[in-house]
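The chain contents come next:
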Amino acid sequence: MTEILCGIMLVAFFVVMIGVGFYSRKHATNVSGFVLGGRSVGPWLTAFAFGTSYFSAVIFVGYAGQFGWNFGLASTWAGLGNAFIGSLLAWNVLGRRTRIMTQHVDAKTMPDFFGERYGSKALKITASAIVFIFLVPYTASVYNGLSRLFGMAFNIPYKYCVIGMAVFTGIYVILGGYMATAINDFIQGIIMLFGICAVIGAVLADNGGFQEATKALASVTGDAGWQGAYTAFLGPDPLALLFVVILTSLGTWGLPQMVGKFYAIKSEKDIHKGTVISTVFAIIVAGGCYFLGGFGRLYADKVTINPATGKPLFDTIVPTMLSTLPALVIAVVIVLVLSASMSTLSSLVLTSSSTFTLDVIKPASKKEMSEKKQVFVMRVFIVFFIFVSAVIA
């Protein structure tokens with residue numbers, strides 16, 4: 001039953017994603033359209049694109065399991081930090097300024113902005129190399145969370161999950177560029193919002209409701225050594241939790257695939273709307289993921305233990321929590337994690353390919369590259385980038 005439901009939902013999901021790619025082809029005929037959607041993307045699409053690029057399968061499967069296990073319900077602070085520092089503050093500090101400056105110097109990528117702003121070709125090339133090289137392993141990590149859940153639901157080998165996600169993401173990004181990514185991010189974001197709420201409700205119901213689940217968690221001593229540690233306001237280790245909040249919230253300020261969203265937003269007035277939308281999205285998705293992970297120790301007898309360390313394999317905690325849920329909920333989770341993964345993956349590959357083409361290949365070319373040729377080269381590098389990251393994964 002689970003496999004049938006998942007199969008139906010996945011087919012519908014992929015059909016919609018590819019359909020959006022074909023629909024968005026008209027926006028991807030020149031460089032500005034392919035990379036930035038012609039700088040005409042509204043606040044809702046931009047905010048959801050920012051949020052879905054921020055929260056991939058890594059947060060749902062990896063971080064939620066790891067930090068929920070270590071800090072209990074207090075790990076929810078990490079999600080709130082992501083919302084108020086990683087989204088609200090980032091939009092207020094970077095949003096308007098980034099849009100004005102990048103439009104003023106006509107920069108389409110972060111390295112392009114550095115090069116124009118500081119008049120340094122070397123800085124532009126160095127930044128481009130950093131983006132292209134280091135986003136490859138980041139992209140490879142995105143595949144991991146998805147494969148865990150696909151294995152649970154379908155018993156599909158890891159490599160086929162990786163190949164499938166890479167192919168479908170590549171198709172719609174190559175067809176429609178940034179606009180296809182933004183529209184699909186909006187659809188995927190809606191799935192993530194409803195999905196996380198459904199999963200939290202199902203997990204709590206499976207443990208007798210919120211009150212009973214919290215009581216059970218309060219009786220766990222675990223590594224902390226004292227009862228109630230994992231339901232305490234700041235958890236068993238407040239200082240370590242503070243570092244987690246800072247790490248997961250401030251790091252995003254420098255990620256080119258996220259800052260690039262501000263380049264493409266339609267107008268300055270849309271920044272305010274986008275700020276509110278993005279923050280609410282982050283509260284629900286990030287806060288919900290970490291809150292869910294906080295109940296991970298209730299499944300301590302079922303999670304996979306690493307024999308070398310004696311500690312659980314953190315990537316298995318959330319899938320273990322979900323394995324006992326109804327088939328419909330598991331199907332929703334599969335699509336939720338697929339949405340989170342593909343939205344992040346599409347942003348990463350588009351950012352990397354556009355950066356390398358516009359900031360390295362184009363300046364190095366002896367002949368003048370037409371808009372059509374630049375778009376073609378970007379599409380080639382999208383294929384290359386997806387292939388390399390999939391091989392690493």
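Every value quoted in this text rests on a predicted model; they were computed, and no experiment measured them. (Residues numbered from 1 in each chain as written. Predicted model: local features only at pLDDT ≥ 70, side-chain atom pairs only at ≥ 80, totals over all residues. Heavy atoms only, no water.)

Observations regarding the overall build of the protein
Test applied: Numbering goes from the N terminus for both helices and strands, where a helix is a DSSP run of H or I of at least four residues and a strand is a run of E of at least two. Using C-alpha atoms as the atom set, the radius of gyration is obtained and then compared with a globule rule of 2.2 Å times the number of residues to the power 0.38. Only protein chains enter the area calculation, which uses a 1.4 Å probe; residues under 20% of their type maximum are buried, those over 50% are exposed, and those in between are partly exposed. Residue contacts are counted whenever heavy atoms from the two residues lie within 4.5 Å of one another. Charge counting follows a simple rule: Lys and Arg are positive, Asp and Glu are negative, and His as well as the terminal groups are ignored. By convention, charge coordinates are those of NZ in Lys, CZ in Arg, CG in Asp, or CD in Glu.
Of the regular secondary structure elements, the protein holds 15 helices and 0 strands. In terms of overall size, the protein behaves like a compact globule, its C-alpha atoms giving a radius of gyration of 21 Å where 393 residues would be expected to give roughly 21 Å. Projected onto its principal axes, the C-alpha positions of the protein cover 70 × 45 × 40 Å. Taken over 393 residues, the protein has a buried fraction of 55%. At a minimum sequence separation of 6, the contacts of the protein that also span at least 24 residues come to 84%. Side-chain charges of the protein comprise 26 positive and 16 negative groups, with the mean position of each set lying 10 Å from the other.

Some words on the side chain of Thr181
For Thr181, the location among the structural elements is in helix H8 (residues 158-206). Residue Thr181 is classed as buried on the basis of its relative accessible area of 1%.

Observations concerning the nonpolar core
Definition in use: Here, the term nonpolar core denotes a set of buried Ala, Val, Leu, Ile, Met, Phe, Trp, Tyr and Cys residues that are joined through side-chain atoms within 4.5 Å.
Phe55 and Phe60 are the most contacted members of the largest nonpolar core, which totals 117 residues. In terms of residue count, H8 provides more of this core than any other element does, 18 residues in total.

Comments concerning the environment of Asp237
Inspection of the secondary structure puts Asp237 in the loop between helix H9 (210-218) and helix H10 (238-250). Along the sequence, Asp237 and Glu368 sit 131 residues apart, while their C-alpha atoms lie 58 Å from each other.

Re the packing of aromatic side chains
Each aromatic ring pair is described using two quantities: the centre-to-centre distance and the angle formed by the ring planes. Stated precisely, the cut-off is as follows: The rule is short: rings of Phe, Tyr and Trp, with Trp giving its six-membered ring, pair when the centres are within 6.5 Å, and they are stacked under 30 degrees, edge-to-face over 60, tilted in between. Both a distance and an angle decide whether a charge sits over a ring: NZ of Lys or CZ of Arg must be within 6 Å of the ring centre and within 35 degrees of the ring normal.
Summed over all chains, the structure comprises 23 aromatic pairs. Through successive ring pairs, a cluster of aromatic residues spans Phe50, Tyr54, Phe55, Trp91 and Phe262. Residue placement shows Arg117 over the ring face of Tyr118; its charged tip is 5.0 Å from the ring centre.

Side note on the pattern of salt bridges
Threshold: When a carboxyl oxygen of Asp or Glu lies within 4 Å of a side-chain nitrogen of Lys or Arg, that pair is called a salt bridge.
Going through the model one piece at a time under the given rule, you end up with 5 salt bridges. In this structure, the salt-bridge partner of Glu212 is Lys215, at a minimum N-O distance of 3.9 Å. Here the residue Glu212 and the residue Lys215 both occupy positions in helix H9, the gap between them amounting to 3 residues, near one helical turn. For Glu212, a relative accessible area of 42% gives the class partly exposed. Here Arg297 and Asp223 are joined by a salt bridge, their closest N and O atoms 3.0 Å apart.

Quick notes on the environment of Ser352
With respect to the helices and strands, Ser352 occurs in helix H14 (residues 327-364). For Ser352 and Leu135, which are 217 residues apart along the polypeptide, the C-alpha to C-alpha distance reads 7.2 Å. Look past the residues within four positions of Ser352 in its chain and what remains in contact with it is Val131, Phe132, Leu135 and Phe385.

Brief notes about the environment of Ala282
Looking at the element boundaries, Ala282 is found in helix H12 (residues 269-293). A C-alpha to C-alpha distance of 16 Å links Ala282 and Lys261, two positions 21 residues apart in sequence. Those residues in contact with Ala282 that lie beyond four places of it in its chain are Phe55, Gly79, Asn82, Ala83, Ser87 and Gly287.

Quick look at unusual backbone geometry
A positive phi is found at Arg39, a non-glycine position, where the angle reads about 50°. Mapped onto the secondary structure, Arg39 falls in the loop between helix H2 (31-36) and helix H3 (43-54). Overall, the relative accessible area of 12% leaves Arg39 in the buried class. With a phi angle near 55°, Asp106 is a residue other than glycine that sits in the positive phi range.

A few points about a nonpolar patch on the surface
Applied cut-off: Exposure above 30% relative accessible area and the lack of any salt bridge qualify a residue for a patch; like charges then connect within 9 Å, and the nonpolar side chains Val, Leu, Ile, Met, Phe, Trp and Tyr within 5 Å. The Shrake-Rupley method, run with a 1.4 Å probe, gives the accessible areas here. Residue values count only the displayed protein chains as cover.
The grouping of Phe84, Val276, Val280, Ile283 and Ile284 at the surface amounts to a nonpolar patch, some 370 Å² of accessible area in total. In terms of residue count, H12 provides more of the nonpolar patch than any other element does, 4 residues in total. Structurally, Ile283 can be placed in helix H12.

Here we look at the packing of helix H4 (residues 57-71) against H10
Test applied: Whenever a helix is involved, its axis is fitted only over the stretch in contact; in every case the axis is a line through C-alpha atoms, and angles between N-to-C directions fall within 0 to 180 degrees. If an angle is under 35 degrees, it is roughly parallel; if it is over 145, roughly antiparallel; if it lies from 65 to 115, roughly perpendicular; otherwise it is oblique. Here is the rule for handedness: rotate from the far helix to the near one, and if that takes an anticlockwise turn smaller than a right angle the crossing is left-handed, while a clockwise turn gives right-handed. The classification used treats Ala, Val, Leu, Ile, Met, Phe, Trp, Tyr, Cys and Pro as nonpolar, Asp, Glu, Lys and Arg as charged, and all other residues, Gly among them, as polar.
In contact at an axis separation of 11 Å, H4 and H10 are set at 160° when each is read in the N-to-C sense. Classified by the angle their axes make, H4 and H10 are roughly antiparallel. When the axes of H4 and H10 are compared, the crossing they make is left-handed. Between H4 and H10, the residues in contact are Tyr63, Phe67 and Phe71 and Ala240, Leu241, Val244 and Thr248, respectively. Its residues assigned to classes, the contact of H4 with H10 shows 6 nonpolar, 1 polar and no charged.

Thoughts on H10
Basically, it comes down to this: The span expected for a helix works out to 1.5 Å for each residue beyond the first. This arc is built from the directions going out from the helix axis to the C-beta atoms.
Between its first and last C-alpha, H10 extends 18 Å over 13 residues, near the 18 Å set by a 1.5 Å rise per residue. Within the sequence span of H10, burial applies to Leu241, Val244, Val245, Thr248 and Ser249. For H10, the arc enclosing every buried residue in end-on projection is 110°, short of the 170-degree limit, so these residues lie on one face. Every exposed residue of H10 that faces more than 90 degrees away from the buried side is listed here: Leu239, Phe243 and Leu247. Residues of H10 that are buried sit in contact with H3, H4, helix H5 (76-104) and H12.

Comments concerning the side chain of Asp112
In this fold, Asp112 is placed in helix H6 (residues 110-118). Once residues lying within four places of it in the same chain are set aside, the contact partners of Asp112 are Asp106, Ala107, Lys124 and Asp359.

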